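Now for the letters of each chain:
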Amino acid sequence: MTDRHSRAFILLLLALAMTATRINHFAPVPDASWAVFFLGGFYLRAWTRWAFPLLMGLAVLIDWLVISSQGMAFWQHYCVSPGYLALVPAYLALWMGGAWLRGRPARSAGMAVARGAAVLVLSVALCHLMAQGAFYWTSTSVADPNMAGWLRNYADWFLPYLRTAVLYVAGAAIVHAGVRALARHVAPQAPAL
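Peer 1: I keep staring at the nonpolar core and nothing clicks. Help me out?
Peer 2: Nonpolar side chains in soluble globular proteins generally cluster together in the buried interior. In this structure, Phe37, Leu44, Leu55, Tyr91, Leu94 and Val124 are the most contacted members of the largest nonpolar core, which totals 47 residues. Counting residues per element, the ones that place at least two in this core are α1 (3–22), α2 (33–43), α3 (48–69), α4 (87–102), α5 (109–138) and α6 (147–185). In this structure Val124 touches Trp34, Leu94, Phe158, Tyr161, Leu162 and Ala165, once residues within four positions along its chain are discounted.

Peer 1: I would appreciate a short explanation of the packing of aromatic side chains in the present structure.
Peer 2: Any pair of aromatic rings gets described here by the distance separating the centres and the angle formed by the planes. Applying the stated criterion across every chain yields a total of 13 aromatic pairs. Between Trp47 and Trp50, the aromatic rings sit 4.9 Å apart at their centres with planes inclined by 35°, giving tilted as the arrangement. Taking relative accessible area as the criterion, Trp47 reaches 13% and is therefore assigned buried. Accessibility expressed as a relative area gives 40% for Trp50, which makes it partly exposed. These aromatic residues form a ring-pair network of at least three members: Phe37, Phe52, Tyr91 and Trp95. Positioned above the aromatic ring of Phe42 is the side chain of Arg102, whose terminal nitrogen or guanidinium carbon lies 4.7 Å from the ring centre.

Peer 1: Any chance you could explain the environment of Leu13 here in plain terms?
Peer 2: Topologically, Leu13 is positioned in helix α1. For the pair Leu13 and Ala106, spaced 93 residues apart in the sequence, the C-alpha separation amounts to 25 Å.

How each quantity is defined
- Residues numbered from 1 in each chain as written.
- Predicted model: local features only at pLDDT ≥ 70, side-chain atom pairs only at ≥ 80, totals over all residues.
- Heavy atoms only, no water.
- Core = buried A, V, L, I, M, F, W, Y, C linked by side-chain atoms within 4.5 Å.
- Buried < 20%, exposed > 50% of the residue type's maximum accessible area, 1.4 Å probe, protein only.
- Helix = DSSP H or I, 4+ residues; strand = E, 2+ residues; numbered from the N terminus.
- Contact = heavy atoms within 4.5 Å.
- Phe/Tyr/Trp six-rings, centres within 6.5 Å; stacked < 30°, edge-to-face > 60°.
- Lys NZ or Arg CZ within 6 Å of the ring centre and 35° of its normal.

Just geometry here; none of it tells us what the structure is for.
Here is the structure:
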């Protein structure tokens, strides 16, 4: 499989993961979108200029389809406010975290795990700051926005979003390590003469 084919396959997997999980943010299988954008940055860094907008458009399309299927106008849904537009820089923070990580290979597996964990936590914190902050301060769903309420809301939702992203990214890292180990042990066989 060529590098281009590998990237296309990964893009397809990420799009399928987001489509399968974003349809209900609070389902038993949690929304993988934040992990998708982080992993997209890591695996599709060379395709950022078109893969990021493609996945961003897919996220908006899924939201629109889900909300419309409930018989509601998009901008009238609880989760949609003028702050919805902040999802672009919020998801870009995740993407750039993954891209930054990809561009700095570690010298050891332990260093890779430590660096990856730190970059993921920072990326999720920035994404959450933008996405949750924009929602909190612009949504009519928040009756009396104030700094104490915003800090409490940020803290209440940060760990669940972080946990979900960590679970998906850790799963992807395990698959990545397994595929690399398998590729090292499977040498191409010489053709029989």
